[in-house]
Protein chains: 2
Amino acid sequence: METLKVIKIGGNIIDDSQALTSFLTQFAQLEGQKLLVHGGGKLATQLANQMNVPVNINNGRRITDAETLDIITMVYAGKINKNIVAQLQANSCNAIGFSGADGNTIVSKKRPIKHLDYGFVGDVKQVSTNTLKILLDNDITPIFCAITHDNKGQLLNTNADTIASELAIGFAKDFKVELYYCFEKKGVLKDVSDDNSVIKNINTQTYKTLITEGIITEGMLPKLNNCFHAINKKVNKICVGKSELLFSTNATYTTIKK
Amino acid sequence: METLKVIKIGGNIIDDSQALTSFLTQFAQLEGQKLLVHGGGKLATQLANQMNVPVNINNGRRITDAETLDIITMVYAGKINKNIVAQLQANSCNAIGFSGADGNTIVSKKRPIKHLDYGFVGDVKQVSTNTLKILLDNDITPIFCAITHDNKGQLLNTNADTIASELAIGFAKDFKVELYYCFEKKGVLKDVSDDNSVIKNINTQTYKTLITEGIITEGMLPKLNNCFHAINKKVNKICVGKSELLFSTNATYTTIKK
């Protein structure tokens, strides 16, 4: 089985054009088959402010009314995605931008209203890798933004970490999949105020303990839940840390194990 | 040789959500291989106004500074393109959205400054159909917005009619290509004030006469120049008219012949 790297990058890279250019130059040179998932960073909020559209974020999740969905579609699938693709082409990496609607790759279900109406937010229901596999086999690198669709014509805002883990799981039958969550920290920290207190390995057992001890806090919980979901669905290797971990052999980061 | 339909739609369909939905429902059912190119309509100007970004259109062409390029990338590649793709998926047409950067399909050159600086506007230099052909062979329909790139990392605003003719020409070695320009008129009119004065056939000879006689006016010249460029580069069939000509056997429209 060939190896496929599924790499998620977040706001710390997207929001900093120099960091993004530097990341993409190195990403383009990564050997083997690969797929990138990018978050949206602060640009959607900036555009909403410029357009006088109210921004409503609850517990880190964006409440997505119709106007906000338009904004994130424009920013994520338009501005960010196409600029990433153009920069990768300049670095001889043949990339194609994707939302979950493209190639019908990710179908999601509008989140039901319970305590809170998240609006046009979708939870992933089905991933189809057939078309993506054809592209990967032809040395093309798919670049995913965090937008999916319900297969009834409606686009939906979907968490980028979840898109990365679901794509990784979807490919696990065809590839030896490695899933990399790149963010602003070197890894999962034992002490949030100490950037060097990286926990090098977490497994299902130690994860439970870390939660009980209050070491893994709210911000990290959804990301790590995505990790353990993926590791239990045959994803081969999962790493969390700064993007340097992709390009350097002596970076410190967190590895998630079963 | 198989037939490929390259279809361009303009503002009269894009700007009217009912017309767009109706068009896409019928487009999804069109048999055989097909590719759609869409213009941007009025949405980019609307967003620019909402963002207080000045709009500068000279002779029907948008002067594209960096901020305007961001706006058209967001509107064309984001909002319009992804909503078209999602609606096609809902109609069981497996579509993937493209800019010229995606798959390195259309490389253009920033227009040199002569009398006027058009800004980030690109004239098509090279079309690569390899990746698109793989997708078409797998029953996937590419949906192109009017954005290209210079292969050095810069996105460029490019005329949608030109994108359609250049793609049609690019595919002419592999397919029997039919190029359809769908717009708000039934075809090229002998009398602009009479919607029923459609000229049913125009060839290179009668085209010259129509220009000399002042019957073909400025607005139609670029579109028809694209048509004659394509017909001289082995595109098999070119039609200009309302989108009905695609779905009805008794529509009136203009056919361009060599």
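Read on for an overview of the structure. (Residues numbered from 1 in each chain as written. Chains lettered and ligands numbered in written order. Predicted model: local features only at pLDDT ≥ 70, side-chain atom pairs only at ≥ 80, totals over all residues.)

## With respect to the overall build of chain A
Stage number 1. The helix and strand inventory of chain A stands at 9 helices and 14 strands.
Stage number 2. Computed over the C-alpha atoms, the radius of gyration of chain A is 18 Å, within 12% of the 18 Å expected from 2.2 N^0.38 for a compact globule of 258 residues.
Stage number 3. For chain A, the spread of C-alpha atoms along the three principal axes comes to 45 × 40 × 35 Å.
Stage number 4. Pairs at least 24 apart in sequence give 71% of the contacts found in chain A among residues at least 6 apart. (Helix = DSSP H or I, 4+ residues; strand = E, 2+ residues; numbered from the N terminus. Rg over C-alpha atoms; globule rule 2.2 N^0.38 Å. Contact = placed C-beta atoms within 7 Å.)

## Side note on the sheet that holds strand β11 (residues 176-182) of chain B
Residues and elements named next belong to chain B.
Stage number 1. The strand order β5-β8-β2-β1-β11-β13-β14-β12 describes an open sheet built from 8 strands, whose pairing is mixed. Every interior strand has two partners, whereas the edge strands, β5 (95-98) and β12 (201-203), have only one. Ignoring which end each strand starts from, the neighbouring axes of this sheet average 20 degrees apart.
Stage number 2. Note: strand β1 (residues 3-9) against strand β2 (residues 33-38), 6 bridges, orientation parallel. (Pairing = 2+ DSSP bridges. Axes fitted to C-alpha atoms, helices over the stretch in contact; angles between N-to-C directions.)

## Considerations on the relation of the copies chain A and chain B
Stage number 1. Rotating chain A by 180 degrees and moving it 0.0 Å along the rotation axis overlays it on chain B with an RMSD of 0.0 Å. This pairing of chains is accounted for by a two-fold axis.
Stage number 2. The residues that chain A uses at the interface reappear at the interface of chain B in 100% of cases, marking a shared surface. (Least-squares fit on C-alpha atoms with pLDDT ≥ 70 in both.)

## Considering the interface of chain A and chain B
Stage number 1. Facing the 35 residues of chain A at the interface are 35 residues of chain B.
Stage number 2. Elements supplying a minimum of two residues to the side of chain A that touches chain B: α4 (66-90), β5 (95-98), α5 (130-137) and β9 (147-149) of chain A.
Stage number 3. Ranked by the residues each element gives to the side of chain A that touches chain B, the list is headed by α4(A), at 14 residues.

## Focus on unusual backbone geometry
Residues and elements named next belong to chain A.
Stage number 1. At N52, a position not held by glycine, the phi torsion is positive, near 60 degrees.
Stage number 2. With respect to the element layout, N52 can be found in the loop between α3 (43-50) and β3 (57-58).
Stage number 3. For N104, which is not glycine, the phi torsion reads 55 degrees and is therefore positive.

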